[in-house]
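Close look at the chain arrangement
One-letter residues, chain by chain:
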Amino acid sequence: MHPRHNANLETPDLHNSKAVELCYNVIGERNVTDEERAIALCWLMHLIGDVHQPCHSGSLYMAGVFDSKEGDRGANSIEIGNRPLHSIWDGLLGGRYEKGDVNRRIAEINEDESITKILEKTGPYRQSVVLAEGAKIAETRVYTGDVLTALRAVGRDGKLPPIKLSEEYLKDAGYVAQVRVAQAAKRLAELLNRQLSLKSKK
């Protein structure tokens, strides 16, 4: 049990901010096992990456289309073909995880000068900032005019019409995904460097 949170790595349903703080502190503690530190590290990487995905920053609410309490559940209720829009955003970086494929994607991101310039202006990890960034991206790049127009055409039976994403939409979304994963990596590296540096000084 972590004294600061009254929680540990097995505590279910922690809010993202509490889970990030818990894992961050576990990594820096001396009285935890290597296994616990490894689990905390894996979860921290997952959580920081997750919160940078714009569909994780909120939901769309539209009268007569989505439930007033849950909205579209972070684009999970919008079907594109046989996949939720949320799932499409989750998969924009590709589904192949072999070392060569990952290295190619990393090289592509590192070689993009526009992403480099964005990273130069990217501040340290603060969840409120990351969520605000994601909400703005969701408003302008996830829920585009084409998507909203299609949603407004919901039938009297309450069924959503088929929605097809344009090549332009998918290309822009792919770029956004690259920017966000690069920002997540930078912020994660800063968190780990700071915590591990503090740990070595204890």
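Residues numbered from 1 in each chain as written. Predicted model: local features only at pLDDT ≥ 70, side-chain atom pairs only at ≥ 80, totals over all residues. Heavy atoms only, no water.

1. Describing helix α6 (residues 127-142)
- For α6, the set of buried residues is Q127, V130, G134, I137, A138 and V142. Angular distribution of buried residues about the axis of α6 spans 105 degrees; they occupy a single face of the element. In α6, the exposed residues that point more than 90 degrees away from the buried face are S128, K136 and E139. (Buried < 20%, exposed > 50% of the residue type's maximum accessible area, 1.4 Å probe, protein only. Helix = DSSP H or I, 4+ residues; strand = E, 2+ residues; numbered from the N terminus. Arc of directions from axis to C-beta.)

2. Points about the nonpolar core
- Formed by 25 residues in total, the largest nonpolar core has its most connected members in I78, L85, W89, V142, Y143, L151 and Y169.
- At four residues, the largest contribution of residues to this core is made by helix α7 (residues 145-152).
- Each residue touching L85, except ones within four places of it in the same chain, is listed here: A75, I78, I80, V142, L165 and Y169.
- Counting residues in hydrophobic clusters, the runner-up holds 19 residues, among them Y24, A40, L47 and I48. (Core = buried A, V, L, I, M, F, W, Y, C linked by side-chain atoms within 4.5 Å. Contact = heavy atoms within 4.5 Å.)

3. Considerations on the packing of helix α1 (residues 16-28) against helix α2 (residues 34-51)
- Put simply, α1 and α2 touch, their axes get as near as 8 Å, and they point 145 degrees apart. Classified by chirality, the crossing of α2 by α1 is left-handed. For the pair α1 and α2, contact is made by N16, A19, V20, C23, Y24, V26 and I27 and by E36, R37, A40, L41, W43, L44, L47, I48 and V51, respectively.
- When its residues are assigned to classes, the contact of α1 with α2 shows 13 nonpolar, one polar and two charged. (Axes fitted to C-alpha atoms, helices over the stretch in contact; angles between N-to-C directions. Left-handed = near helix turned anticlockwise from the far one by under 90°. Nonpolar A, V, L, I, M, F, W, Y, C, P; charged D, E, K, R; others polar.)

4. Details of the layout of surface pockets
- Empty space within the largest pocket amounts to approximately 850 Å³.
- Top contributing element to the lining of the largest pocket by residue count: helix α8 (residues 167-201), with seven residues.
- Its residues assigned to classes, the lining of the largest pocket shows 17 nonpolar, eight polar and four charged.
- In this structure, the second largest pocket spans a volume of roughly 230 Å³.
- As for the second largest pocket, its lining consists of I118, E133, K136, I137, T140, R141, Y175, V176, V179, R180 and Q183.
- Of all elements in the fold, only α6 and α8 reach the threshold of two or more residues within the lining of the second largest pocket.
- Of the residues in the lining of the second largest pocket, the class split is five nonpolar, two polar and four charged. (1 Å grid on protein atoms, 1.4 Å probe; cavity = no way out; pocket = protein on both sides within 12 Å on 5 of 7 lines; lining within 4 Å. Points joined across faces, edges and corners; volume = space filled by probe spheres on them.)

5. Quick word on the state of the cysteines
- All chains considered together, the criterion is met by zero disulfides.
- Looking at the unpaired C42, the closest cysteine sulfur is the one in C23, lying at 9.7 Å.
- For C42, a relative accessible area of 49% puts it in the partly exposed group. (Disulfide = S-S within 2.5 Å.)

6. Observations regarding the confidence of the model for the chain
- For the chain, per-residue confidence averages 87 on the pLDDT scale, and 89% of positions sit at 70 or higher.
- Summarising per-element confidence for the chain, the mean pLDDT is lowest in α1 (87) and highest in helix α5 (residues 113-120) (97). (pLDDT = per-residue confidence, 0-100.)

7. Concerning unusual backbone geometry
- Of note in the backbone geometry, R73 takes a positive phi value of approximately 55 degrees without being a glycine.
- Along the chain, R73 falls in the loop between α2 and β1 (79-80).
- Unlike most non-glycine residues, A75 shows phi in positive territory, near 70 degrees.
- Following the sequence through the fold, A75 ends up in the loop between α2 and β1.
- Among the residues examined, A75 registers a relative accessible area of 0% and is labelled buried.

8. A few points about the packing of aromatic side chains
- The full count for this structure, using the stated rule, is one aromatic pair.
- A ring pair is formed by W89 and Y169, whose centres lie 6.4 Å apart and whose planes are at 85 degrees; its orientation type is edge-to-face. Separated by 80 residues along the polypeptide, W89 in helix α3 (residues 85-90) and Y169 in helix α8 bring together distant segments of the chain. Pair check on accessibility: W89 and Y169 agree, each one buried. (Phe/Tyr/Trp six-rings, centres within 6.5 Å; stacked < 30°, edge-to-face > 60°.)

9. A word on the environment of M45
- Mapped onto the elements of the fold, M45 is located in helix α2.
- For the pair M45 and A185, spaced 140 residues apart in sequence, the C-alpha to C-alpha distance is 8.6 Å.

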